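Tertiary structure, described
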Amino acid sequence: MSTEKNIVIVGGGFAGTTLVRELDGKLPPGYRLLLISEESHTTFNPMLPEAVGASIFPEQVVAPIREMITKAHFIMGRVNQVDPARRTLTASTLAGDITFAYEHLLLAFGNRARLDLIPGLLEHALPLKTVGDAMHIRNTVLRRVAQIELETDVDLRRRLGHFVIVGGGFSGVETAGELIDCLASIRRYYRRVAADELRVTLLHDGPRLLPELSERLGVAAHRSLAARGVEVRVSARATFVGDKAVVLGDGSRVATSTVICTIGTRPNALVERMTVPVERGRIVVNPDLSVRDTPGLWALGDCALVVNARDGKFAPPTAQFAVREARHAAACLLATLEGSPTRAFDYKARGSMAAIGHRKGVADVFGFPVTGLPAWLLWRAYYLSQMPTLGRKLRIFVEWTWGMFFPTDITHLRFTRSHELDAPPAPQADAVSGAPRDISIVARAA
Ligand SMILES: Cc1cc2nc3c(=O)[nH]c(=O)nc-3n(C[C@H](O)[C@H](O)[C@H](O)COP(=O)(O)OP(=O)(O)OC[C@H]3O[C@@H](n4cnc5c(N)ncnc54)[C@H](O)[C@@H]3O)c2cc1C
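Below is a summary of the structure that appears in this document.

Quick notes on the rules
Residues numbered from 1 in each chain as written. Predicted model: local features only at pLDDT ≥ 70, side-chain atom pairs only at ≥ 80, totals over all residues. Heavy atoms only, no water. Helix = DSSP H or I, 4+ residues; strand = E, 2+ residues; numbered from the N terminus. Rg over C-alpha atoms; globule rule 2.2 N^0.38 Å. Lys, Arg positive; Asp, Glu negative; His and termini not counted. Charge placed at Lys NZ, Arg CZ, Asp CG, Glu CD. Near = heavy atom within 4 Å. Polar contact = N/O pair within 3.5 Å; in protein donor to acceptor, adjacent residues only side chain to side chain. Areas by Shrake-Rupley, 256 points an atom, 1.4 Å probe, with all protein chains shown as cover. Salt bridge = Lys/Arg side-chain N within 4 Å of Asp/Glu carboxyl O. Buried < 20%, exposed > 50% of the residue type's maximum accessible area, 1.4 Å probe, protein only. Expected span 1.5 Å × (residues − 1). Arc of directions from axis to C-beta. Contact = heavy atoms within 4.5 Å. Core = buried A, V, L, I, M, F, W, Y, C linked by side-chain atoms within 4.5 Å. Pairing = 2+ DSSP bridges. Axes fitted to C-alpha atoms, helices over the stretch in contact; angles between N-to-C directions. Phe/Tyr/Trp six-rings, centres within 6.5 Å; stacked < 30°, edge-to-face > 60°. 1 Å grid on protein atoms, 1.4 Å probe; cavity = no way out; pocket = protein on both sides within 12 Å on 5 of 7 lines; lining within 4 Å. Points joined across faces, edges and corners; volume = space filled by probe spheres on them. Right-handed = clockwise from strand over helix to strand, strands pointing away.

1. Overview of the overall build of the protein
When helices and strands are counted, the protein shows 12 helices and 25 strands. Whereas a compact globule of 446 residues would reach a radius of gyration of roughly 22 Å, the protein reaches 23 Å, a difference of no more than 12%. With 53 positive and 45 negative side-chain charges, the protein shows a separation of 3 Å between the mean positions of the two kinds.

2. Looking at the site of the ligand
For the ligand, the set of nearby residues contains 33 residues, the closest of which are A15, E38, V79, N268 and D302. Measuring from an oxygen atom of the ligand, one finds a side-chain N or O atom of E38 at 2.9 Å. Taking E174, its side chain carries an N or O atom lying 3.3 Å from an oxygen atom of the ligand. For the ligand, the protein covers 91% of the area, taking 990 Å² as the surface of the free molecule. Secondary structure elements with two or more residues in the shell around the ligand: α1 (14–23), β2 (31–37), β5 (73–83), α6 (170–186) and α9 (319–338).

3. A few points about the pattern of salt bridges
All told, the structure shown has 14 salt bridges when counted by the stated rule. Close ionic contact of D181 with K360 constitutes a salt bridge, the shortest N to O distance being 3.3 Å. Of this pair, D181 sits in helix α6 while K360 is found in strand β24 (residues 360–365), placing the two residues 179 residues apart along the sequence. Overall, the relative accessible area of 10% leaves D181 in the buried class. R310 is paired through a salt bridge with D346; the nearest N and O atoms lie 2.6 Å apart. Placement of R310 in the loop between β22 (304–305) and α9 and of D346 in the loop between α9 and β23 (351–357) is noted, with a sequence separation of 36 residues between them. A network of salt bridges, in which partner residues are shared, links E38, R78 and R112.

4. Here's the deal with helix α7 (residues 215–227)
Helix length check: α7, at 13 residues, gives a terminal C-alpha distance of 18 Å against a target of 18 Å (1.5 Å per residue), a fit within 8%. Among the residues making up α7, those that are buried are L217, G218, A221, S224 and L225. For α7, the angular spread of the buried residues around the axis is 130°, confining them to a single face. Facing away from the buried surface of α7 by more than 90 degrees, the exposed residues are E215, R216, R223 and A227. Against α6, β12 (199–203), β13 (231–233), β23, β24 and β25 (368–371) lie the buried residues of α7. Count one or two residues on from α7 and you reach G229, which has phi positive near 105°.

5. Notes on the nonpolar core
Counting residues in hydrophobic clusters, the biggest one holds 116 residues, and the most contacted among them are L19, L89, L105, L106, L107 and L300. The dominant element in this core, judged by the number of residues it contributes, is α9, at 10 residues. Excluding anything up to four places from it in sequence, L300 contacts A15, L19, L106, L107, A108, L289, E325, A326 and A329. Counting 15 residues, the second-largest nonpolar core is a separate cluster that includes I118, L203, A236 and V254.

6. Let's talk about the sheet that holds β25
One open sheet accounts for 3 strands, arranged β23-β24-β25; its pairing is antiparallel. In this open sheet, the two strands that pair with only one neighbour each are β23 and β25. Within this sheet the neighbouring strands show an average axis-to-axis angle of 10°, counted without direction. Both β24 and β25 contribute to a ladder of 4 bridges, which runs antiparallel. By the bridge assignment for β25, V362 is matched with T371. Running over the sheet, α6 touches β23 and β24 and is turned about 30° from β23. Here α7 sits on the sheet and contacts β23, β24 and β25; the angle it forms with β24, its principal contact strand, is near 175°.

7. Topic: the packing of aromatic side chains
Throughout the structure, instances matching the rule amount to 9 aromatic pairs. With 5.8 Å between their ring centres and 65° between their planes, F14 and F44 make a pair best called edge-to-face. Taken together, the residues span a long stretch of sequence, with F14 in helix α1 and F44 in the loop between β3 (41–43) and α2 (48–52) at a distance of 30 residues. By the burial criterion, F14 is buried, and F44 matches it. Relative to F345, the ring of F321 lies with its centre 6.3 Å away and its plane at 65°, an arrangement referred to as edge-to-face.

8. With respect to empty space enclosed by the protein
Counted according to the given criterion, the structure contains 1 cavity of 30 Å³ or more. What lines the largest cavity is simply G13, F14, T17, T18, R21, T42, F44, M68, V323 and Q386.

9. Looking at the pairing of strand β11 (residues 162–166)
Most of β11 is tucked away, with 5 of its 5 residues classed as buried. In the sheet, β11 pairs with β12 via 5 bridges, with the strands oriented parallel. Its bridge partner lying in β12, V164 is registered against T201. Remark: the β11/α6/β12 crossover connection has right-handed handedness.

10. Let's talk about the sheet that holds strand β10 (residues 125–127)
Read across the open sheet, the 5 strands follow the order β10-β17-β11-β12-β13; overall the sheet is parallel. Each edge of the open sheet is held by one strand with a lone partner, namely β10 and β13. Within the sheet, the average angular offset between the axes of one strand and its neighbour, ignoring direction, is 25°. In this fold α6 packs onto β11, β12 and β17 (258–261), with an angle of close to 170° to the strand it touches most, β12.

The structure is reproduced here in structure tokens:
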């Protein structure tokens with residue numbers, strides 16, 4: 001039996017994968033590094049809107065975790081139980097439940113999408129938090145446009161072609177920009193769909209878009225979206241989401257068959273099952289990212305409530321901070337193993353960026369605003385730099401460059417297996433099965 005002590009990281013997102021790369025091969029003798037995550041890959045969440053808008057393929061926003069590690073071990077599994085008193089955790093894996101003893105446990109399991117903020121959201125809205133969500137939304141959009149071609153009811157056609165996004169933060173703005181550009185570029189393949197039958201509306205309950213960025217960039221993003229035809233509605237709070245419409249705070253209705261939700265997060269279920277201090281749904285940590293009153297436990301990234309010593313404020317739940325916190329946690333852990341003192345997390349943000357459509361972006365770099373193509377190139381360059389291995393970087397670079405010069409891909413991959421081929425098709429929005437219809441009526445839209 002191995003006498004090595006386990007240092008375990010839970011979660012293979014921005015925080016967990018940075019942490020494993022920082023610690024891999026650097027632990028003192030007698031320690032083994034283990035990363036447990038529920039997927040075999042890490043997801044570059046900020047690029048999910050580009051996968052929705054078909055600017056890139058879903059496999060270009062993920063990277064396999066095993067390619068990122070050399071000496072560390074990786075186990076694909078979901079951690080369900082942590083016992084800080086006994087220093088053990090239990091994970092559901094492909095080989096059943098396995099319990100591990102740990103010397104130090106670093107929690108970096110992020111958070112989940114929240115779908116109870118508005119009545120009807122859970123039943124009728126499409127969240128955007130995972131690569132599966134992005135593929136589902138992309139397929140839904142392609143299905144809706146294909147369905148419009150076959151419908152003759154004018155109101156139904158308009159509703160099917162209206163995509164409503166709830167939330168004017170980073171992901172909402174990015175999704176709106178991607179979607180409007182995607183619809184504009186794919187319409188040529190659907191000749192019975194008129195340009196004015198495809199619309200995107202962005203609903204935001206605050207006074208301006210992108211509250212995370214400077215007002216100037218929020219305004220620039222608003223102008224850019226509006227110029228491309230997105231109906232941007234600020235100070236518009238959605239109060240109910242149904243299968244045919246979204247109801248707003250002033251009682252008005254926005255007819256739509258597709259609502260994409262980019263607001264709200266809820267704590268990971270594991271937080272609720274652990275006896276650790278929690279505030280605002282996040283694990284409360286000491287200045288060095290160790291968990292308060294719980295020896296051997298650390299937390300970072302979106303699942304942790306971290307105070308930035310630089311300004312005394314809570315660190316925002318962003319990729320940039322998750323990466324910085326991971327580097328800090330790695331240094332503090334190594335110091336602890338050596339018996340040296342640890343330091344408080346202290347970081348000056350470099351700026352923020354958002355891609356807001358095909359080859360368009362806004363960025364705030366060291367306090368300087370950048371917009372348009374330069375901002376978008378900066379954005380892509382940053383995420384390319386995060387890809388593991390030179391081979392993968394080159395492959396993704398070639399694929400991204402290819403995508404810049406060739407039409408948007410409209411493949412609707414359904415993963416249909418042989419035994420499902422003759423099964424009845426899944427019902428579509430308001431489809432009237434078997435109803436006779438005259439396609440020539442539809443043809444007037446071409
Ligand atoms: C659509 C979208 C757009 C965004 N845009 C931006 C942006 O433009 N800029 C920006 O800075 N930030 C953006 N963010 C936020 C950013 O992605 C997060 O702040 C960042 O991913 C947090 O990193 P993390 O490692 O803490 O969590 P995550 O990246 O969420 O990783 C958590 C990991 O833990 C795994 N996990 C969860 N539970 C368990 C469990 N029980 N057992 C094992 N593994 C588990 C998950 O599978 C995942 O791999 C965006 C997020 C989304 C969803």
